[in-house]
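Summary of the model geometry
Spelled out, the chains give:
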Amino acid sequence: MAERVIRDEMVFPTDLEERLGVVLNGINTELKIATLLHLDVNPVDGRGIRERIRDTIGCGYLPFENAFRRYMETLQGIALVARETVIGGGGDVVKVSYSITDAGSRYGIPVAEHALRWGVDNGVSMFQVLGSTLSSGNSRAPYNRVRILEGAYTGETNEADLGRILGLNSTSTSHHLISLARIGFLNFSSAGAKPKGFSVYELINDSSEVPQSLKRRRLGERVVEWLKEKGEGDRNIIREELGCIPQDVSSILASLERWGVVRKKSGFKGNLRSKVLLLDEGKRFLEEVIFPIREHLRDGESLGNLLSNSDEFGVYVRNGIEIYSLVSPQINKRSKDERIEEVRRILDTSSGMTTREIGERLGLSNTQVLNFIRSIGGIETRKEGMEIKYYLSGGE
């Protein structure tokens, strides 16, 4: 029996919003963008696509071939790439390879080039903006984050309203808002779940200094430096940025306020518990990246000169991968020993923390943190209210 080829190609959506969700899932990392930009009508496997990219960038980081196979599987699932499986005479799989689809050529490649050019020119990875596609729910993080930015485009809004529009729970909405606030795309101020009120803090003047006699002076200096850089912020954002526990930040802000270093700029109580304001960088991303992509997906018109036809193509691909490699959680994944040392260091510099608090700082689950804690000697536990806190023996 002769070999036969099975071609699997998904149907590209006709609905504009579905199209946007599809292509955003295809451009949320520069390595995925590079994969898409190196595919053509000639089927290629993971090793082959890696070799093509290596020829383009020369030296520099690239993952193993299995990573590119996974990227192409993702792109196949969103109709930008077709999978071709060669079945041998005995019914066994001889080879699996991938090629670009008509939709991938018409819509995917121009969008990928447009996003790559903007990201490199602005020093921002698409992963920082769009996040991971490994999210739960009916829609993925890339589309949700764009919808959040668009929701804030017409003026100040809040977390609850955005969550209702997107059909997301408060945890997911807050996570996306914090991520977008970190890269300066919007201001997000939240009272969180427990506080009765909310306040934004700012320095009284740029020359404000931390008093020598202030308790936890080092943390106070970090808070002041953060406010000098950011201009203003609430305790939740400051805590998230500095990797501290809420009680410590609240105590420091209260002390700095008493010493006349900071002041409460504004506040709110009652049902309104958050504020979301789009900043210039977020507005520019929408106007220069997302709005043109929407128009392209509507009528298929060109987004401009194709980057692949430019002498700068290799430079953009290489720089894009370098930018992504600095922020990728997978590329920068810590070993078990490194994670244990991070947990130990956090406990050594704190006055006791819960597994949840440690997990929030390191991006780990409670179970993961607990496993790492069990590998550290000299740990004490104390129950405070309904919470269990962990301490290093001899600590505060």
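Residues numbered from 1 in each chain as written. Predicted model: local features only at pLDDT ≥ 70, side-chain atom pairs only at ≥ 80, totals over all residues. Heavy atoms only, no water.

Time to look at the overall build of the chain. Regarding its fold elements, the chain presents 17 helices and 9 strands. Here the C-alpha coordinates of the chain stretch approximately 80 × 50 × 40 Å along the principal axes. Put simply, the chain has 396 residues, and 48% of those count as buried. Pairs at least 24 residues apart make up 67% of the contacts formed inside the chain by residues separated by at least 6 positions. (Helix = DSSP H or I, 4+ residues; strand = E, 2+ residues; numbered from the N terminus. Buried < 20%, exposed > 50% of the residue type's maximum accessible area, 1.4 Å probe, protein only. Contact = heavy atoms within 4.5 Å.)

So, on to the packing of helix α7 (residues 141–151) against helix α8 (residues 159–166). Contact geometry of α7 with α8 gives a least axis separation of 10 Å together with a crossing angle of 130 degrees. Relative to α8, α7 is oriented oblique. Where α7 crosses over α8, the handedness of that crossing is right-handed. Two secondary-structure elements touch here, α7 through Asn144, Arg147, Ile148 and Gly151 and α8 through Leu162, Ile165 and Leu166. In terms of residue class, the contact of α7 with α8 is built from 4 nonpolar, 2 polar and 1 charged. (Axes fitted to C-alpha atoms, helices over the stretch in contact; angles between N-to-C directions. Parallel < 35°, antiparallel > 145°, perpendicular 65-115°, else oblique. Left-handed = near helix turned anticlockwise from the far one by under 90°. Nonpolar A, V, L, I, M, F, W, Y, C, P; charged D, E, K, R; others polar.)

Turning next to the pairing of strand β2 (residues 81–87). Within β2, 7 of the 7 residues are buried, which leaves the element mostly enclosed by the surrounding structure. Burial along β2 is two-sided: the residues Val81, Arg83, Thr85 and Ile87 and Ala82, Glu84 and Val86 are all buried. Looking at chain direction, β2 and strand β3 (residues 93–100) are connected through 7 bridges and run antiparallel. Across the sheet, Val81 pairs through a bridge with Ile100, a residue of β3. Hairpin connection between β2 and β3: a loop of 5 residues separates the two successive antiparallel strands, and Gly91 in this loop has a positive phi of roughly 90 degrees. (Pairing = 2+ DSSP bridges.)

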